[in-house]
Amino acid sequence: MISCKTQVGVTGVLVVFFSLDLSVNKPRGVSWKNVNILMTTVIKTNLWNSPEGEQIFKNFCTNSKRKSFGILEKPSISAHYEEVSYKLFFIGKPGVGKSKTVAELAGNSAPHHDSHGIHKTNIYWPTKIWDKVILFRLQCWEAGESGLKKFSHILPACLDKTDALVFIFSFEDITSLYEVSQNISKMKGNEPNQPAIIVIGTKYSSSNTGISFSEIKEFETKWQLNILKLSNSSSTQPDLSRAGPILNSICEQLWIRDQEYILKQSFDKFVLKE
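Residues numbered from 1 in each chain as written. Predicted model: local features only at pLDDT ≥ 70, side-chain atom pairs only at ≥ 80, totals over all residues. Heavy atoms only, no water.

Another point: the pattern of salt bridges. Following the criterion strictly, the structure yields eight salt bridges and no others. Close ionic contact of Glu 52 with Lys 128 constitutes a salt bridge, the shortest N to O distance being 2.8 Å. Linking Glu 52 in helix 1 (residues 51–57) with Lys 128 in strand 6 (residues 118–129), this pair joins segments that are 76 residues apart in sequence. Given the relative accessible area of 36%, Glu 52 is considered partly exposed. Its relative accessible area of 12% is what places Lys 128 among the buried residues. When salt bridges that share partners are traced, they join Asp 163, Arg 257 and Asp 258 into one network. (Salt bridge = Lys/Arg side-chain N within 4 Å of Asp/Glu carboxyl O. Helix = DSSP H or I, 4+ residues; strand = E, 2+ residues; numbered from the N terminus. Buried < 20%, exposed > 50% of the residue type's maximum accessible area, 1.4 Å probe, protein only.)

And the structure:
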C-alpha cells in the first residue's frame, strides 16, 4: 500500500497522492488510470514586476520592449540559467489571429500579411520556480492555410516532435471555436507523452463577444482546460503585463505534461517490480 509519492521536477515539485492495493494476489491489477493526482505549481506570477525580475528582464528587453531572437540567436544571459526547450504548433482557421498571437507573445509587431509556408519564432521566457530561475525556449511553429493544402509535407513537419498543440479561435467567430473542438477530437492522443493541449481565444472583449459565457464554460468542461484570452488589439498595457500571464500558463502546462510523463514511467516500473 502506498500513500504518497513526491516527484521533484525541473521547475518545481509535483505532489501525487494515491492509495493502491498491491496485494500479492493481483500485483498487475493496478492501472495508471486509478491514480488520483493533486498537483501544485509554483511559477511565480508577475516576476517582471519584482526587483529580481527587473534585473533578469533587462537582458530580454530594450527600452521597455522585448528583444527579438532569430532561429540561431539566444540571449547571452541564458548561460547562467537552466534552459528547457519546447516545440509548439499553432493551429486555427484563417483570420483568427495565429500570426498576431505569436507576434504578441514574442513582443514583436503584428504582421500585415498572410502566412505562407512554415514560420518559426523563438520566444525566450524566464520563470521563477521556487528558488530557481528556469529559461523556457518556446519554438513557435505556424503555417498558412494555403501552404498546408498545397504542400503535403508541411503538416507532418509541424507535428513532428511537437510538445504542445496551441489551438487559436476568435471570440468574434463561434464557428472558429467549433473548429477547435473538432481539431482537438482529431489530434488529441492517448499516449503518455502526447502534446499538451492549449487553447487561446483572440479578439476578446468582456463587453462584446460573439460567444456566450455558457458556451465557453461548456467547451472548457468538455476538454478539461482553461481558455487563455488575448485581445490582440492596441493597448496601453505594457507588453509584459499582456503577454506574461499567457506565457506563464503555457510554460506551466508544458512542465505539468513532462512531470506526468516522468511520474507515469516511474509508476509503471514500480508496478512491474511488484
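Counted at 1.5 Å a residue, the expected span for helix 5 (residues 174–187) with its 14 residues is 20 Å, and the 20 Å between its end C-alpha atoms agrees. Residues of helix 5 that are buried: Ser 176, Leu 177, Val 180, Ser 181, Asn 183 and Ile 184. Projected down its long axis, helix 5 shows its buried positions confined to an angular sector of 165°, all on one face. Buried positions along helix 5 lie against strand 5 (82–91), strand 8 (164–170), strand 9 (196–202) and helix 6 (213–223). (Expected span 1.5 Å × (residues − 1). Arc of directions from axis to C-beta. Contact = heavy atoms within 4.5 Å.)

So, about the nonpolar core. Membership of the largest hydrophobic core comes to 35 residues, with the highest contact counts inside it found for Leu 88, Phe 90, Leu 105, Leu 138, Ile 200, Ile 250 and Leu 254. Residue assignment for this core shows that the elements contributing at least two residues are strand 5, helix 2 (98–106), strand 6, strand 7 (132–143), strand 8, strand 9 and helix 7 (239–273). Broken down by element, the residue count for this core peaks at seven residues, all from helix 7. Of all hydrophobic cores here, the second largest spans 21 residues; its members include Trp 141, Ala 143, Phe 171 and Ile 211. (Core = buried A, V, L, I, M, F, W, Y, C linked by side-chain atoms within 4.5 Å.)

As for its position among the elements, Lys 87 is in strand 5. One buried charged side chain, Lys 87, makes no salt bridge at all; its nearest oppositely charged neighbour is Asp 160, positioned 5.2 Å away. There is a polar contact of 3.3 Å between the side chain of Lys 87 and the backbone oxygen of Cys 158. (Lys, Arg positive; Asp, Glu negative; His and termini not counted. Polar contact = N/O pair within 3.5 Å; in protein donor to acceptor, adjacent residues only side chain to side chain.)

The analysis is restricted to geometry; functional conclusions fall outside its scope.
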